[in-house]
Amino acid sequence: MASTPNKPLLPLKGVRVLSLSLNLPGPAALMRCQQMGASCVKLEPPPPPGAAPGTSGDPMGLYNRPAYEVMHKGVRVAVADLKTEKGQKALHRELAKTDVLLTSFRPSALTKLGLDWKGLHKLYPALSQVAMVGAPGARAEEPGHDLTYLAENDLVGGLELPPTLYADMGGSLMASEAVLKAVLLQLKGGKGSYFEVALSVAAGYLALPRSWGLTKPGSAVGGGHAGYRVYPCKDGRVAVAALEPHFAKSLCAAAGIQNANIMTMFSPATHQVIADYLLTMTRAGMDALATEKDIPLYTLSK
């Protein structure tokens, strides 16, 4: 029976996820798991010396507390120094009742903490592990971050920083997907499984349209199609996404272009006519046009 809009599916209901991950990708993955119904626990290191009471040991709690709060809503957070005997005991108390462990350490750090997959699987055969790393395989020990993985995949232009953390967020989705895979395998065989999720691979996946040439300058969704561009208008900008023929035809009709087809959308003359037309329009006028003519667009301020 299909779920109703007011009752979302909770595929991870009854699944216990333990996270040792800090900063953004791991907590974002844990947030997704909690939203899918998992019972989520996170062990954090103690706060830095001299920190105010209540300070999180996760740097994200200092970088951006609101973001930290959103990602940990519904998550039980406890403090454990995993480098101490007391912290290790707390860790293993949790592991004994965990279905999936989420980590974001380099392999050498996992080994030092006694969390390498071979040893972990021997102690807890039914436990699965999703290990988030920067790069796959032998490169997992290399230092890196969201920005370097985006640059590696041709997703950094000029000197400006990307508008969001694409590799981190893409990696978090891949990690939550891996949790689902692990649970499915547990249901089939009863044994735990190991998944490695690399942020560089996540960046590479997001970069596929660019590697295929789809978003290169002049390509169909790289500015070559006159119906898929950002144009200036009288009091701001407008992002137009009239890519399908019926949307493009409506846009062209509004601009006074007759008998438009998919080939005319790549004509410099079509670009110019649409650009000139949109310069005469206000954002409010564009919003009204979008509703009246069923044209996909979004207006922005300058």
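Details of the structure are given in the entry above.
What you are looking at is a predicted structure, and each value in this text was computed from that prediction instead of being measured.

Q: What exactly am I supposed to notice about helix α1 (residues 25–35) here?
A: In an α-helix, one turn spans 3.6 residues; hence positions three or four apart end up facing the same way. Most of α1 sits inside the fold, with eight of its eleven residues counted as buried. Within α1, the full set of buried residues consists of Pro 25, Gly 26, Pro 27, Ala 28, Ala 29, Leu 30, Met 31 and Cys 33.

Q: Would you explain the pairing of strand β8 (residues 236–241) in this entry?
A: Look at any regular strand and the pattern is simple: side chains alternate between the two faces of the sheet. Alignment of strand β7 (residues 228–233) against β8, held across six bridges, turns out to be antiparallel. Within β8, the residue paired with Tyr 228 across the bridge is Ala 241. Direction of pairing for β8 relative to strand β9 (residues 297–300): antiparallel, over a ladder of four bridges. Bridging from a neighbouring strand, Arg 237 pairs with Leu 300 of β9.

Q: Where do I start with a nonpolar patch on the surface in this structure?
A: A cluster of nonpolar residues, Tyr 166, Tyr 205 and Leu 206, forms a patch on the protein surface that exposes about 310 Å² of accessible area. Checked against the element boundaries, Tyr 205 lands in helix α9 (residues 199–206). The exposure class of Tyr 205 is exposed, given its relative accessible area of 55%.

Q: Can you walk me through the sheet that holds strand β4 (residues 100–103) in this structure?
A: Two orientations exist for strands paired in a sheet by backbone hydrogen bonds: parallel and antiparallel. Taken together, six strands build an open sheet; the order of strands is β3-β2-β1-β4-β5-β6 and the sheet is parallel. If you trace the sheet from one side to the other, it starts and ends with β3 (76–79) and β6 (194–198), each paired once. Taking each pair of neighbouring strands and ignoring which way they run, the sheet shows an average axis angle of 20 degrees. Here strand β5 (residues 128–133) pairs with β6 via five bridges, running parallel. By the bridge assignment, Ala 131 is partnered in β6 with Glu 196. Against the sheet, α1 contacts β1 (16–19), β2 (39–44), β4 and β5, and its axis sits at roughly 160 degrees relative to β2.

Definitions and limits used
Residues numbered from 1 in each chain as written. Predicted model: local features only at pLDDT ≥ 70, side-chain atom pairs only at ≥ 80, totals over all residues. Heavy atoms only, no water. Buried < 20%, exposed > 50% of the residue type's maximum accessible area, 1.4 Å probe, protein only. Helix = DSSP H or I, 4+ residues; strand = E, 2+ residues; numbered from the N terminus. Pairing = 2+ DSSP bridges. Patch = residues over 30% accessible without salt bridge, like charges linked within 9 Å, V, L, I, M, F, W, Y side chains within 5 Å. Areas by Shrake-Rupley, 256 points an atom, 1.4 Å probe, with all protein chains shown as cover. Salt bridge = Lys/Arg side-chain N within 4 Å of Asp/Glu carboxyl O. Axes fitted to C-alpha atoms, helices over the stretch in contact; angles between N-to-C directions. Contact = heavy atoms within 4.5 Å.

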